[in-house]
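Spelled out, the chains give:
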Amino acid sequence: MKLIKLASITKKLAVGALAAFLLIFLPFHMGMNLCILRDDGGEWYRNVCHFMGTNYIVKCFEIVLLLCVVFHIVLTFILWLENRAARPVRYAVSQKSKTHQGSKWMIITGGLIFVFLILHFINFYFAKTGLVEGKYVVKVEKVQKAFSAKAMAIQQGQMKEADMQKLQKEYMSIMAAGEKLASDGKYYVNLSKQDLQTYFGENVEEYDYEPDFYNMARDLFHNPLYVIIYLLSFVILAIHLLHGVVSVFQTYGLMNEKYSKAISYLAIIYAIVIPLGFAIVPIQVILF
Amino acid sequence: MATLNSKIPQGSLSEKWTNYKASQKLVNPANKRKLDVIVVGTGLAGASAAASLGALGFNVKVFCIQDSPRRAHSIAAQGGINAAKNYPNDGDSIGRLFYDTIKGGDYRAREANVYRLAEVSNNIIDQCVAQGVPFARDYSGYLANRSFGGAQVSRTFYAKGQTGQQLLLGAYSALSKQIKEGTVKLYTRREMENLVVIDGKARGIITRDLVTGKLERWFGHCVVLATGGYGNVYYLSTNAMGSNGSAAVQCYKKGAYFANPCYVQIHPTCIPVHGDYQSKLTLMSESLRNDGRIWVPKKLEDAQAIREGKKTANDIPEEDRDYYLERRYPAFGNLVPRDIASRAAKERCDAGYGVGTGKAVFLDFSSAINRLGKDKVAERYGNLFQMYQKIEDENPYETPMKIYPAVHYTMGGLWVDYELQTTIPGLFAAGECNFSDHGANRLGASALMQGLADGYFVLPYTVQNYLAAEIYNQPIPTTHQEFDKAEDEVKERIAKILSIKGKTTVDTLQKELGHVMWEYVGMGRTKEGLQKALPLIENVKQRFWSDVRVDESEDCLNPELEKALRLADHLELASLIARDALQREESCGGHFREEHQTEEGEAKRDDENFMFVGAWEYKEGAEPQMHKEDLNYEFIKVQTRNYK
Amino acid sequence: MDLTLKIWRQENAKAKGHFETYKLTDISPECSFLEMLDILNEQLINDNIAHPVCFDNDCREGICGMCGLYINGRPHGPDEGVTTCQLHMRRFHDGDTITIEPWRAKPFPVIKDLVVDRSAFDKIIQAGGYTSATTGGVPDANAIPIPKHKADEAMDSASCIGCGACVAACKNASAMLFVSGKVSQLALLPQGKTEAAIRVKRMVKKMDELGFGSCTNTFACEAECPKQLKRTNIARMNREFICAKVCSEEK
């Protein structure tokens, strides 16, 4: 049974190419996450998030990345179905041959990673697109800028006295919130949609609020259940990568007697270092 | 004698094949398509013949009993293939290879055939390299050679310890190409059960589909038999379980003469017998004798202690070891021809110096390991050592191997003329299943050479020469009465075997036959022994036809029935071997009659009375009749074989 | 030693199969696995218990590739680098239960009991596993020098015996190791280079057509190959395939 009429190797090459893209992406994501660890109230992390969330090239990549994930999953699943069909009668005794680490469980580890990805999307990506409620951040300087713009308009007589009073009231309310929220004097953070309405009124759009990934992450990482799920997911990712990385090289014919050992070691290093880099963040957050 | 015309072309030895090729008849391409050729067997000879004839444009049908042509037992040949390339510049030439082969065969082979073999040997290597056979090479990138028994030059090309495999896969790939191109049709799991002869010519075969049990008829303008040897008559041999002489016997019964059946080669380096359950013996390549030294203890008490497990080989000091081959044959040492090495081992063991079960000698690599290093030895023989270790559970790098002679190859076979045609016109025989090139003893690395020479470079010419006259003959429909008759014979035979429903299994009877053959028609034969053997064989034969028990499933895979059908034919052959051995009152090559030996225990030929090929004619219900083809040595001086 | 055997019995290709249990006593540890089955068959015939168990075998020295049984979850049983016929009973213990199954793969249908049809392998070779040199008219064997390491590697790749253990071991029933052995051998040698691109494409196509699974690099094939063909062959074939698709102008 062939669901896609392409040579088996071509299909594998496609899966490999998609995987390779994801492999390149992972270190970037990890680097971004590691910014959480910096003791700067989330400044670096927020800057990175801001860049990632607003740069158009990055946005293009985001789409490509999403497609990669989808096609990687769809293709491997199809291959899995085809491969199962190649053995219609299964063995009575389960196979005991020595296999490459993790290779037998790719479809399962992959599936679990997919489940984690959904969770991850709900938590972060969907918050960004507004599909689910998240926490938000507003920059103090943005508020100040907006106010001074308005104040300028009033001074130049373009605004009425009544407006002036309203503005002052609004300013007071935000400042009051500010004392509570903008501890470092730079951000109003960890605001829910409700908070935004309460503190910034109807004109909240003017203040360019963004999702507060820093606090969302830290909040999540204070939830032990989430941390356990998170850490488990990265153990699973490590298992997936242990085989996946070597597999990409093998499929692209980049293994030979001379340097296959070196590649195997590099793959192991990659498969351990990357998930470890991710895992270190919640551990630090929950422990310290 | 008119019936045994060997059709040797005129001219001097080196011109004969050239002359033949220049004057043979050809078939034009349009006619080739209309001519059917049946090839039975897909070993080196069969596969190469089918591929070559297919490439020429003939309509070839090829049959094998296994599930794939690549399984043929040629695949198990380990050591190498000879050719007179003289790449090492050590004095080799076509003439030298010719001479060595004739001498190795103890002056019992036909000069013209052997010369042709030596002549085409070089083409074989070229052909195989072009097919992608990965022969061993030196750092220069050029082909490497090693030496083999019976030669003082290095002329053996090899591919690790798997030369037969690589050559067969080469032929198999050529065959596969022709199958794809449609000139060859492949029929697997089919066993030839009968030959169809119409108006005195071979016109087809009856096969049994081993999976469905169905009998099938096949027409061919000619039939090429390449079904290998009959070593399994001895039950324990280095042959594969399925190797058999059945097809050859069927042809013999239809009128093809069977030549020199008593020439059976006993290979000196096999893993010894363990017990009754044993089904086969494993060969350890002759190439091991390049670097391995064969010895037994000098003292009887040491041999005794080793047998009882009180001492090991490593406990015997150098001065107490008897390197008997080096002692007896200083010029060739461990590399004497197989028959001589085998007999020498038997002689030592019979004298009580055997190790292991008493029927084994040591093959020691310690001096080679010291000289070359373990890595070099592993590179040369690694896979053989591993094979030995798996079977014997001993590490040959540390303790010497134990080896003993075992039945390996049969020089005898269907009688063929220079064109490889049997006494039935249109029936050709190639490879081990004919008798032609090895005389009374085959040299190591010569079987591969002969199989491929026959298939690639001889049959394409001689078969064409025969078929040139066949273009006038339309294919005969397989409804012809002779096909009916042939199929009925097979049906009858199968029905008869299945109806016996006796108590003895085929294996039991085959083992019994094997014991008789090894005991009385084995390495050392005597008149009394042979006379004793004949009634014993007859006895097994009678028990077979009255008491054999075969599983009855007829319409599906039934290995028991296959074995029974083969055993029936092997019983026929067994008595023929014994009869021929009895007739040949001399010792030559693989045939050693204890009455005929020199004072030093060497074989003593009788050229005066026995310089002939004994070709046996089957007589229904009577004793077979022997015809003689005299061997005339025009170009070579017949001498006593001397390897001292 | 005493053994309990659970053996797959299936009358013919169409019949439904099942496991049958047999007891054997007093088996010598020096006995080979197939000789043990011979003893079983001898018993089955003598005691009129059942039809003897059919299993493919021929050379019994590990080179013809005919034998192949799936023993306790591993093709060719628990020993490394051997075929079933080279497996000896000393690898088992007294009282063991041994489950014996035929190779399982869609392109290897069961013919009877433990015998499967492996003609799919022949078809793959017929699709391109050769050089097109016909008999005669080839240059001298030493006309083209071949670097020793290449010749050696080609030899290693060529040592495949076509037993099908790689397919049997692979969770996807993939034939990649088998195919890549031949592709590698011929791609490494100058004689095979001429047709390398078309060969790999044709052989892969045929392999897919026949219903073998695709390779997911689990390397079970390498672990079970009696001739220890290496996974690098598969990598080389992938490389050859990419080159054939991308670099070769031949369609």
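Residues numbered from 1 in each chain as written. Chains lettered and ligands numbered in written order. Predicted model: local features only at pLDDT ≥ 70, side-chain atom pairs only at ≥ 80, totals over all residues. Heavy atoms only, no water.

## Some thoughts on the overall build of chain C
Consideration 1: Per the secondary structure count, chain C includes nine helices and seven strands.
Consideration 2: Dimensions of chain C, computed from the C-alpha atoms along their principal axes, are close to 65 × 35 × 35 Å.
Consideration 3: Per-residue burial for chain C yields a buried fraction of 66% across its 251 residues.
Consideration 4: For chain C, restricting intrachain contacts to residue pairs at least 6 apart in sequence, the fraction spanning at least 24 positions comes to 69%.
Consideration 5: With 31 positive and 32 negative side-chain charges, chain C shows a separation of 9 Å between the mean positions of the two kinds. (Helix = DSSP H or I, 4+ residues; strand = E, 2+ residues; numbered from the N terminus. Buried < 20%, exposed > 50% of the residue type's maximum accessible area, 1.4 Å probe, protein only. Contact = heavy atoms within 4.5 Å. Lys, Arg positive; Asp, Glu negative; His and termini not counted. Charge placed at Lys NZ, Arg CZ, Asp CG, Glu CD.)

## Some points on the environment of Arg593(B)
All names here are of chain B.
Consideration 1: On the secondary structure map, Arg-593 appears in the loop between α18 (559-583) and α19 (607-610).
Consideration 2: Counting along the chain gives 216 residues from Arg-593 to Val-377, while the straight-line C-alpha distance between them is 38 Å.
Consideration 3: Residues contacting Arg-593, with those up to four places away along its chain left out, are Arg-525, Thr-526, Lys-527, Leu-530, Ala-581, Leu-582, Arg-584, Glu-585, Glu-586 and Ser-587.
Consideration 4: Engagement of the side chain of Arg-593 in a polar contact is seen with the backbone oxygen of Leu-582, the distance being 3.1 Å.
Consideration 5: In this structure the side chain of Arg-593 is engaged in a polar contact, spanning 3.1 Å, whose partner is the side chain of Glu-585. (Polar contact = N/O pair within 3.5 Å; in protein donor to acceptor, adjacent residues only side chain to side chain.)

## Quick look at the interface of chain B and chain C
Consideration 1: The partner chain C presents 74 residues to the 77 residues of chain B that form the contact.
Consideration 2: The junction of chain B with chain C conceals about 6,300 Å² of combined surface from both sides, 52% of it contributed by carbon and sulfur atoms.
Consideration 3: Looking only at chain B, the three residues that lose the most surface to chain C are Arg71(B), Tyr277(B) and Lys390(B), adding up to 11% of its buried area.
Consideration 4: Between chain B and chain C we count eight salt bridges in total. (Buried area = accessible area lost by both parts, 1.4 Å probe. Salt bridge = Lys/Arg side-chain N within 4 Å of Asp/Glu carboxyl O.)

## So, the domain arrangement of chain A
All names here are of chain A.
Consideration 1: Assigned domains of chain A: these are domain 1 (8-86 + 102-133 + 216-287) and domain 2 (136-211).
Consideration 2: For domain 1 and domain 2, the distance between their C-alpha centroids amounts to 38 Å.
Consideration 3: Taken residue by residue, the interface counts 10 residues in domain 1 and 10 residues in domain 2.
Consideration 4: When domain 1 packs against domain 2, close to 820 Å² is buried across both sides, 44% of that on carbon and sulfur atoms.
Consideration 5: Among the residues of domain 1 in contact with domain 2, Glu-43, Arg-46 and Glu-133 are the three that bury the most area, contributing 50% of the side total.
Consideration 6: In this assembly, domain 1 and domain 2 are joined by one residue pair in polar contact (both at pLDDT 80 or more).
Consideration 7: Secondary structure elements with two or more residues in the side of domain 1 that touches domain 2: α2 (43-54), α4 (106-129) and α8 (213-221).
Consideration 8: Sorting elements by how many residues they give to the side of domain 1 that touches domain 2 places α2 first, with four residues.
Consideration 9: Classifying every residue of the side of domain 1 that touches domain 2 by side-chain character gives three nonpolar, two polar and five charged. (Domains from an automatic or database assignment. Nonpolar A, V, L, I, M, F, W, Y, C, P; charged D, E, K, R; others polar.)

## Overview of the packing of aromatic side chains
Consideration 1: One pass over the full model with this rule turns up 45 aromatic pairs over all chains.
Consideration 2: When the ring of Trp17(B) is compared with that of Tyr461(B), the centres are 5.6 Å apart and the planes differ by 80°; the resulting orientation is edge-to-face. Note that Trp17(B) is positioned in helix α1 (residues 16-23) and Tyr461(B) in helix α14 (residues 447-467), a separation of 444 residues in sequence.
Consideration 3: Tyr461(B) gets classed as partly exposed once you look at its relative accessible area, which sits at 29%.
Consideration 4: An aromatic cluster is defined as three or more aromatic residues linked by ring pairs; in this entry it consists of Phe116(A), Phe221(A), Tyr226(A), Tyr230(A), Phe234(A) and Phe278(A).
Consideration 5: Cation over ring: Lys374(B) sits above Tyr397(B), and NZ or CZ is 4.8 Å from the ring centre. (Phe/Tyr/Trp six-rings, centres within 6.5 Å; stacked < 30°, edge-to-face > 60°. Lys NZ or Arg CZ within 6 Å of the ring centre and 35° of its normal.)

## Quick look at the interface of chain C and chain A
Consideration 1: At the interface, 47 residues of chain C touch 39 residues of chain A.
Consideration 2: Together, the buried faces of chain C and chain A total about 3,500 Å²; carbon and sulfur atoms form 54% of this surface.
Consideration 3: Of all residues in chain C, Arg104(C), Lys171(C) and Asn217(C) give up the largest surface area on contact with chain A, accounting jointly for 17% of the area buried on that side.
Consideration 4: Our enumeration of links across chain C and chain A arrives at zero salt bridges.
Consideration 5: Linking chain C with chain A are 25 residue pairs in polar contact (both at pLDDT 80 or more), by the criterion used here.
Consideration 6: Of all the secondary structure elements, the ones that give two or more residues to the side of chain C that touches chain A are β4 (74-75), β5 (97-101), α4 (165-169), α7 (196-209), α8 (220-224) and α9 (232-246) of chain C.
Consideration 7: If one sorts the elements of the side of chain C that touches chain A by residue count, α9(C) sits on top with eight residues.

## Digging into the domain arrangement of chain C
Residues and elements named next belong to chain C.
Consideration 1: Here the domain parsing of chain C yields domain 1 (3-111) and domain 2 (118-133 + 142-246).
Consideration 2: For domain 1 and domain 2, the distance between their C-alpha centroids amounts to 28 Å.
Consideration 3: Residue-level contacts link 22 residues of domain 1 with 21 residues of domain 2.
Consideration 4: The junction of domain 1 with domain 2 conceals about 1,600 Å² of combined surface from both sides, 58% of it contributed by carbon and sulfur atoms.
Consideration 5: Taken as a group, Pro-75, Pro-107 and Phe-108 account for 34% of the area that domain 1 buries against domain 2, more than any other trio of residues on that side.
Consideration 6: Our count for the contact surface shared by domain 1 and domain 2 stands at two salt bridges.
Consideration 7: The residue Arg-118 makes a salt bridge to Asp-56 at a minimum N-O spacing of 3.5 Å.
Consideration 8: Inspection of the region where domain 1 meets domain 2 yields five residue pairs in polar contact (both at pLDDT 80 or more).
Consideration 9: Tallied by class, the residues present in the side of domain 1 that touches domain 2 amount to 11 nonpolar, six polar and five charged.

## Let's talk about empty space enclosed by the protein
Consideration 1: As enumerated under the stated definition, the model contains 13 cavities of 30 Å³ or more in all.
Consideration 2: One number sums up the size of the second largest cavity: a volume of about 700 Å³.
Consideration 3: Around the second largest cavity, the lining is made up of 38 residues, and of these Met241(B), Pro559(B), Lys563(B), Arg566(B) and Asn57(C) lie nearest the centre.
Consideration 4: Elements that contribute at least two residues to the lining of the second largest cavity include exactly α16 (506-520) and α18 of chain B together with α1 (33-46) of chain C.
Consideration 5: Top element by residues in the lining of the second largest cavity is α18(B). It accounts for six residues. (1 Å grid on protein atoms, 1.4 Å probe; cavity = no way out; pocket = protein on both sides within 12 Å on 5 of 7 lines; lining within 4 Å. Points joined across faces, edges and corners; volume = space filled by probe spheres on them.)

## Points about a nonpolar patch on the surface
Residue and element names in this part refer to chain A.
Consideration 1: Taken together, the side chains of Leu-3, Phe-77, Leu-81, Trp-105, Ile-107, Ile-108 and Leu-112 present a nonpolar region at the surface, about 640 Å² in accessible area.
Consideration 2: Looking at the nonpolar patch, the elements with two or more residues in it are α3 (56-85) and α4.
Consideration 3: With three residues, α4 is the largest single contributor of residues to the nonpolar patch. (Patch = residues over 30% accessible without salt bridge, like charges linked within 9 Å, V, L, I, M, F, W, Y side chains within 5 Å. Areas by Shrake-Rupley, 256 points an atom, 1.4 Å probe, with all protein chains shown as cover.)

## Let's talk about the nonpolar core
Here is a general trend for soluble globular proteins: nonpolar side chains tend to be buried in one another's company.
Consideration 1: Ile81(B), Phe135(B) and Leu195(B) are the most contacted members of the largest nonpolar core, which totals 243 residues.
Consideration 2: Broken down by element, the residue count for this core peaks at 13 residues, all from α18(B).
Consideration 3: By size, the runner-up hydrophobic cluster in this structure holds 40 residues, among which are Met30(A), Ile113(A), Leu220(A) and Ala235(C). (Core = buried A, V, L, I, M, F, W, Y, C linked by side-chain atoms within 4.5 Å.)

## Section: the sheet that holds strand β1 (residues 36-40) of chain B
Backbone-to-backbone hydrogen bonds join strands into a sheet, with any given pair of strands oriented parallel or antiparallel.
Residue and element names in this part refer to chain B.
Consideration 1: Taken together, five strands build an open sheet; the order of strands is β5-β2-β1-β9-β17 and the sheet is parallel. Strands at the two margins of the open sheet, each flanked by one partner only, are β5 (184-187) and β17 (427-429). Pairwise comparison of adjacent strand axes, ignoring direction, gives a mean angle of 20° for this sheet.
Consideration 2: With five bridges connecting them, β1 and strand β2 (residues 59-63) associate as parallel partners. Counterpart to Val-37 in the pairing with β2 is Val-60. (Pairing = 2+ DSSP bridges. Axes fitted to C-alpha atoms, helices over the stretch in contact; angles between N-to-C directions.)

## What to know about the packing of α16(B) against helix α17 (residues 527-547) of chain B
Residue and element names in this part refer to chain B.
Consideration 1: Where α16 meets α17, the closest approach of the two axes is 9 Å, and the angle between their N-to-C directions is 175°. Accordingly, the angle class assigned to the pair α16 and α17 is roughly antiparallel. Residues Leu-509, Glu-512, Leu-513, Val-516, Met-517 and Tyr-520 of α16 lie in contact with α17, whose contacting residues are Gly-529, Leu-530, Lys-532, Ala-533, Leu-536, Ile-537, Val-540, Arg-543 and Phe-544.
Consideration 2: Partitioned by chemical class, the residues of the contact of α16 with α17 number 11 nonpolar, one polar and three charged. (Parallel < 35°, antiparallel > 145°, perpendicular 65-115°, else oblique.)

## Let's talk about the pairing of β5(C)
A regular strand carries its side chains on alternate faces of the sheet.
Residues and elements named next belong to chain C.
Consideration 1: The buried fraction of β5 amounts to four of the five residues, a majority that puts the element mostly inside the structure.
Consideration 2: With four bridges connecting them, strand β1 (residues 3-9) and β5 associate as parallel partners. If you follow Thr-4 over to β5, its bridge partner there is Thr-97.
Consideration 3: Bridge count for strand β3 (residues 70-71) against β5 is two bridges, and the pairing is antiparallel. If you follow Tyr-70 over to β5, its bridge partner there is Glu-101.

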